[in-house]
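Structure at a glance
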Amino acid sequence: MTRILIADDHPMVRDALRSAVLYSCQATDVLEADALDGVVSTLEERGDLDLVLLDLNMPGMDGLAGLRMLRRRFPATPVVVVSAHDERRLMRDAIQSGAAGFIPKSTPRDAIAGALRQVLLGDVYLPPTAEEVSAEDEAEERETAEIARRVATLTAQQQRVLELLGTGKLNKEIAFELSITETTVKAHVSAILQKLKVYSRTQAVVIAGRAAVRR
């Protein structure tokens, strides 16, 4: 007896996934949700589910943050991401965030069925394209690693100033929140720009955001 929850905010996608589920797993109980809140409430009420098929762009998901939350709260229930996006980085990040598999929505029904059977047997599923690494991917990885290295050179106070810059606060507002002078804030901002090798506060915030995504 296989119990599966299909979580997607598009009814046509849920119908297609239901067809693939019934075709591959002979599921006895196929439930549906169209938002993260619905997934959580269903798992709380029905803790015996065998699998969740999860769309990352549903209301409430906030991308991979929703996946990580589900894995923390319901670690015994495997989750397979089913997404319209098929970037290799996203696939790898989803697995690192606890997904038991990643299935692009463009995948044919037979291939979806095979992927679901593989996951239900305890394996992790990624499409073959996930293992392909282009020169562009490698260059981006190197650049992102370098950005993370630069951010790591910031002191704790500089990192805090950078976080507040990201919220749009002015120097005087940062000085008030951290109980320091505006002159000290300006010195921290100058050091941040120098360490990150950028020329503006906006660039610093953007580059810090890339490092945060990597974490």
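Residues numbered from 1 in each chain as written. Predicted model: local features only at pLDDT ≥ 70, side-chain atom pairs only at ≥ 80, totals over all residues. Heavy atoms only, no water.

By the naming in an unreviewed UniProt entry, the protein chain goes by Response regulator transcription factor and is assigned to Azospirillum oleiclasticum.

Side note on the sheet that holds strand β1 (residues 3-7)
Each strand in a sheet pairs with its neighbour through backbone hydrogen bonds, running either in the same direction (parallel) or in the opposite one (antiparallel). For clarity, the cut-off: Criterion used throughout: strands pair if DSSP finds at least two bridges between them. Put simply, DSSP H or I for four residues or longer makes a helix, DSSP E for two residues or longer makes a strand, and each gets a number counted from the N terminus. Axes here mean lines fitted to C-alpha atoms, for a helix over just the part in contact, with angles spanning 0 to 180 degrees between N-to-C directions. In what follows, residue pairs with any heavy atoms lying within 4.5 Å of each other are defined as contacts.
Ordered in space as β2-β1-β3-β4-β5, the five strands form an open sheet in which the pairing is parallel. The open sheet terminates on both sides in strands that have one partner only, identified here as β2 (29-33) and β5 (101-104). Adjacent strand axes in the sheet meet at a mean angle of 20 degrees, parallel and antiparallel pairs treated alike. Pairing between β1 and strand β3 (residues 51-54): four bridges, direction parallel. The residue of β3 that forms the bridge with I4 is L51. Lying on the sheet, helix α4 (residues 88-96) is in contact with β4 (79-83) and β5; it crosses β5 at an angle near 150 degrees. Together, β3, β4 and β5 form the strand contacts of helix α5 (residues 109-120), whose direction differs from that of β3 by roughly 140 degrees.

Quick look at the nonpolar core
Basically, it comes down to this: Nine residue types can take part in a nonpolar core, namely buried Ala, Val, Leu, Ile, Met, Phe, Trp, Tyr and Cys, and a core is a set of them joined through side-chain atoms within 4.5 Å. Between buried and exposed lies partly exposed: a residue is buried under 20% and exposed over 50% of the maximum accessible area for its type, with that area taken using a 1.4 Å probe on protein chains only.
In terms of nonpolar packing, the biggest core is built from 26 residues, with V39, L54, L67 and L70 touching the most fellow members. Of all elements in the fold, only β1, β2, α2 (36-45), β3, α3 (64-73), β4 and α4 reach the threshold of two or more residues within this core. Ignoring sequence-local partners within four residues, the contact set of L67 consists of L54, L56, M61, V79, V81, A94, S97 and A99. Residues L162, L178, I192 and A208 belong to the second largest nonpolar core, which totals 19 residues.

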